[in-house]
Amino acid sequence: MKQFQPSEEVDFLVIGAGAAGGIMAKELSSAGFSVVVLEQGPYLREKDFEHDEIKYTRLDAMTNNLKRQPQTLRKSTAEPARVLSDKFLQYGRQVGGGSVHFTANYWRLWESDFQQKSRHGGVSGATLADWPITYADLEPYYTKAEEELGISGLAGANPFEAWRSKPYPLPPLPVKSSGVIFERATKQLGLHPFPAPMAILSQPYRGRGACLHCGFCEYFGCEVRAKSSTLATVIPIAEKTGRCEIRPNSYTRKIETGANGRVTGAVYFDANRREVFQKARAVILCANGNETPRLLLMSKSSRFPQGLANSNGLVGKNLMVDAGFEAFGLFEHPLNEFKSVQTTRAIHDFYEPDPKRGHYGGGGIDARFDFYPASFALFGLPPGAPRWGREWKAMVAKNFTRTLTLLAHATCLPQEKNSITLDPDVKDAWGLPATRITFDFHPDDMRNMKFLLDRQVEILEAARAQRIWTDTTDLSLLPHNHLLGTCRMGDDPKTSVVDRYHRAHDVPNLFMVDGSSLVTACCQPTCTIQALAYRAADHIAGAARHAAI
Amino acid sequence: MTDNRISRRAWLALAPLSAAVLAAQEHAHEVMRSARPAAFSVLSSEEAREIEALASQIIPSDDSPGAREAGVIYFIDRALATFDADKGALYTEGMRRTQANRLELFPNSQSIAALRPAEQIRLLQAIENTEFFDLLRTHTILGFFGNPSYGGNRDLAGWKLIGFEDRFHFEPPFGYYDAEPQR
């Protein structure tokens, strides 16, 4: 791998080597530019990945850890923020980022997602807005992402999906028992189940082998490279160009701004906590919807006293997260859901908001199993079941192979008051301000989650589950893995942070390309984040060639 | 060494063992394991015996192995020595209170381990709404169902109980319902 000197001015400094950063690295280095990618986490390889529930779900081996990077939370600015003992926001923290440990759901947005404000009008208390781009603008890049990364699915199987210029490059993964039960029940209800599109290879593809169905996808790294993470796909291509250096264990603390208002590079802590300044002609932030706004807010200068690219005060605002409750069903025969990928069937029948429901919101529902042995024993039994002892042990033994989950993937309304700010008191292990989260779901979000939960229960009833139960506690929603909207995209510099090509309105050579760009949030964001990254890279490379950055 | 091997072979060559003999053999084996003095990092052998007595009612040994046979106490010791080192004080205080509860409930008792199983269950019922119990339950479950590399889940007792297999590779059909169409 090429190595650059920090004093060497590279064309692009990308911060964050995750779902978006990996694509920026590959696209820009392939286009002939020199690229350094700073990643706060380690560079783990497939040989490092293990089937170890404790390591990845309890000890945060691949995600942020509160002992190292604390978070504080308040529901509104009127109350003091408290230091959290359970993560509210979670993100991948190694080369490949969240694309390494994600469940691998890979849903395109609908055409209507880009015009929610025009279609549904405003929602009181929310900052619902149209995107500055349309589905048609993004479609070629959805197709490119699916092809380059390797996505398994069945075009046309979802009657509601938007038009596509090409089918999925790979057929769907084999259906599991949860999928068979879900498909039968939803069809009986007149709904339209379809094979879940997954960023996991159902067949060998571009030098990578197919999924072996070991069952360790969600929270885990794939040791056979069947999951189409950026670690397994585009990052090796970027490194082979000889123009891209992935620099792990490099935790950025500030983006520097010159007297002319252009950014000049970034200061980061290296593995030994020494401060290093990497010089660059342009900076692209792909650090996720939490770390991107946090870093901008930490990058104050005399020119940007409120934080970089934050002249309108919107950096960190409009935080949106994954929403949706779980319903559980117990069945007579073993499903053995611990085998293979987490989910194989989904529906989009309730995706589009409908005024008849009396609230804004919609979402998808999938059939899945998110448990591993210890988490099932801890949390998997129905309410009222014993928590320990002989009877508890017998129930865990019987239910583990017979339980499935229906999970809703629901809309989360943008609200200006939901935000990422810098905590004034709490510091992380490097002495930097901790993330302070101000968040409360919009009343319509809650109504919508309950509406979808009723649909989930109806499906389980149609499936004749022996027992059905739900979990509607706040805790059941934690941690949030979709960190969205905090540097929203828009044409108007007064109401957005980046333009339609992800360029900061305030700074000509600064770009934000990750979940923070999303204007609205429905369901599964990774596919859209990656399509946006391909589109942004296309534009940024073109602009750079014409010295327009 | 040689004698050992010969005697072990001779032992295995015996006629099929009765369940009682097997249970006794297993018991002896466990006593030996539990008595291994150097095996604990932070717990004294007395603390370990008392905590294990509680864990063994959270996941009891019945017709399948429980927390005791799975070596959960070794997991707990390792957790307190490593990733949950900051929870040692909660254990110390929790056990102090639990011992006080024991003396209230069973004034003439000598230790938790010496209580009868029904008494141990009563003691756990007395503490089951405490923060310490939640931690002990979590550790017991992690030790029983977690990866054996942490010292518990011996002989994959936890995974065998629930029908989980940690395999590199599975082939469809995975369960009853996805096999149905092929039946």
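The structure presented is a predicted model; accordingly, all values stated were derived computationally and were not measured.

So, how was this worked out
- Residues numbered from 1 in each chain as written.
- Chains lettered and ligands numbered in written order.
- Predicted model: local features only at pLDDT ≥ 70, side-chain atom pairs only at ≥ 80, totals over all residues.
- Helix = DSSP H or I, 4+ residues; strand = E, 2+ residues; numbered from the N terminus.
- Buried ≥ 20, exposed ≤ 12 C-beta atoms within 10 Å, placed from the backbone.
- Contact = placed C-beta atoms within 7 Å.
- Rg over C-alpha atoms; globule rule 2.2 N^0.38 Å.
- Pairing = 2+ DSSP bridges.
- Right-handed = clockwise from strand over helix to strand, strands pointing away.
- pLDDT = per-residue confidence, 0-100.
- Nonpolar A, V, L, I, M, F, W, Y, C, P; charged D, E, K, R; others polar.
- Axes fitted to C-alpha atoms, helices over the stretch in contact; angles between N-to-C directions.
- Core = buried A, V, L, I, M, F, W, Y, C linked by C-beta atoms within 7 Å.
- Parallel < 35°, antiparallel > 145°, perpendicular 65-115°, else oblique.

Take the overall build of chain B next. Across its full length, chain B holds nine helices and zero strands. Seen in sequence order, chain B has helices and strands lined up from the N terminus as α-α-α-α-α-α-α-α-α. The proportion of buried residues among the 183 residues of chain B is 36%. The contacts of chain B with a sequence gap of at least 6 include a subset with a gap of at least 24, amounting to 60%.

Right, let's get into the overall build of chain A. Each helix and strand in chain A was counted, giving 12 helices and 18 strands. Over its C-alpha atoms chain A spans a radius of gyration of 22 Å, differing by no more than 12% from the 24 Å that the globule rule assigns to 549 residues. Expressed as lengths along the three principal axes of its C-alpha atoms, the size of chain A is roughly 70 × 50 × 50 Å. Looking at chain A as a whole, 58% of its 549 residues qualify as buried. A fraction of 73% describes how many contacts in chain A between residues 6 or more apart in sequence connect residues 24 or more apart.

This next bit is on the pairing of strand S2 (residues 35–38) of chain A. All names here are of chain A. Covered by surrounding structure in S2 are Val-35 and Val-37 together with Val-36 and Leu-38, the residues of both alternating faces. Across four bridges, the pairing between strand S1 (residues 10–15) and S2 is parallel. Bridge pairing in S2 links Val-14 to Val-37. Handedness of the crossover joining S1 and S2 through helix H1 (residues 21–30) is recorded here as right-handed. Sheet topology places S2 next to strand S6 (residues 244–247); four bridges connect them, and they run parallel. Of the residues in S6, the one forming a bridge with Val-35 is Cys-244.

In this model, chain B carries an average pLDDT of 84, and 78% of its residues clear a pLDDT of 70 or more. Reported for the predicted complex are a pTM of 0.94 and an ipTM of 0.96.

On to the interface of chain B and chain A, then. Reports often express the size of an interface as the amount of accessible area lost when the parts come together. Of the residues lining the interface, 33 residues belong to chain B; the matching set on chain A comes to 34 residues. Every element with two or more residues in the side of chain B that touches chain A is listed here: helix H3 (45–58), helix H7 (131–145), helix H8 (157–162) and helix H9 (176–179) of chain B. For the side of chain B that touches chain A, the residue count by class is 19 nonpolar, eight polar and six charged.

Residues and elements named next belong to chain A. Put simply, Leu-478 and Pro-479 share a cis peptide bond, and its omega is -10 degrees. Mapping Pro-479 onto the fold places it in the loop between strand S16 (467–471) and strand S17 (510–512). Non-glycine residue Asp-60 carries a positive phi angle of around 55 degrees. With respect to the secondary-structure elements, Asp-60 resides in the loop between helix H2 (53–58) and strand S3 (71–74). A positive phi angle, close to 45 degrees, is found at Arg-206, a residue other than glycine.

What follows deals with the sheet that holds strand S4 (residues 82–83) of chain A. Backbone hydrogen bonds hold the strands of a sheet together, and the pairing may be parallel or antiparallel. Residue and element names in this part refer to chain A. Pairing is mixed in the open sheet, where four strands are placed in the order S4-S3-S15-S14. The sheet terminates laterally at S4 and strand S14 (419–427), the two strands that pair on one side only. Sheet analysis places S3 next to S4, joined by two bridges and oriented antiparallel. Within S4, the position partnered with Leu-73 by the bridge is Arg-82. Against the sheet, helix H8 (residues 291–298) makes contact with S14 and strand S15 (433–438), and its axis sits at roughly 60 degrees relative to S14, the strand it touches most.

Another point: the nonpolar core. Residue and element names in this part refer to chain A. Grouped together as the largest cluster of nonpolar side chains are 198 residues, with contacts concentrated most on Met-24 and Val-283. Counting residues per element, this core draws most heavily on helix H12 (residues 526–545), which supplies nine residues. Filtering out sequence-adjacent residues up to four positions away, Val-283 remains in contact with Leu-13, Ile-15, Ile-255, Val-263, Ala-266, Asn-509 and Leu-510.

Turning next to the packing of H3(B) against helix H6 (residues 117–127) of chain B. All names here are of chain B. Between H3 and H6, the least distance of the axes is 10 Å, while the angle of their chain directions is 90 degrees. Compared by their axis directions, H3 and H6 come out roughly perpendicular. Between H3 and H6, the residues in contact are Ala-53, Leu-54 and Gln-57 and Pro-117, Gln-120, Ile-121 and Leu-124, respectively. Across the contact of H3 with H6, the residue classes tally to five nonpolar, two polar and no charged.

Right, let's get into the pairing of S15(A). Residues and elements named next belong to chain A. With five of six residues buried, S15 lies mostly within the body of the structure. Direction of pairing for S3 relative to S15: parallel, over a ladder of four bridges. Residue pairing for S15: Leu-73 is matched across the bridge by Ile-437. Of the pairings in the sheet, the one linking S14 to S15 comprises five bridges and is antiparallel in character. Bridged to Thr-421 within S15 is Arg-436. Count of turn residues in the S14/S15 antiparallel hairpin: five residues, of which Gly-431 carries a positive phi of about 85 degrees.

Moving on, we get to the environment of Gly307(A). Residues and elements named next belong to chain A. Within the fold, Gly-307 resides in the loop between H8 and strand S10 (326–330). Separated by 11 residues in the primary sequence, Gly-307 and Leu-296 have C-alpha atoms spaced 5.6 Å apart. Look past the residues within four positions of Gly-307 in its chain and what remains in contact with it is Leu-296, Leu-297, Ser-299, Lys-300 and Val-315.

Turning our eyes to something else, we now look at H8(A). Among the eight residues in H8(A), seven count as buried, and that is most of the element. The inward-facing, buried residues of H8(A) contact S1, strand S7 (251–257), strand S9 (275–285), S14, S15 and S17 of chain A.

Residue and element names in this part refer to chain A. For Leu-231, the location among the structural elements is in the loop between strand S5 (194–195) and helix H7 (234–240). Distance in space between the C-alpha atoms of Leu-231 and Gly-22 is 7.4 Å, their sequence separation being 209 residues. Those residues in contact with Leu-231, other than ones at most four positions away along the chain, are Val-95, Gly-96 and Val-100.

Residue and element names in this part refer to chain A. The contact between helix H5 (residues 135–150) and H12 brings their axes to 8 Å, and the two run at 105 degrees. As summarised for this structure, H5 and H12 are arranged roughly perpendicular, according to the angle between their axes. Between H5 and H12, the contacting residues are Leu-138, Tyr-141, Tyr-142, Lys-144, Ala-145 and Leu-149 on the first element and Cys-527, Gln-530, Ala-531, Tyr-534 and Arg-535 on the second. Its residues assigned to classes, the contact of H5 with H12 shows eight nonpolar, one polar and two charged.

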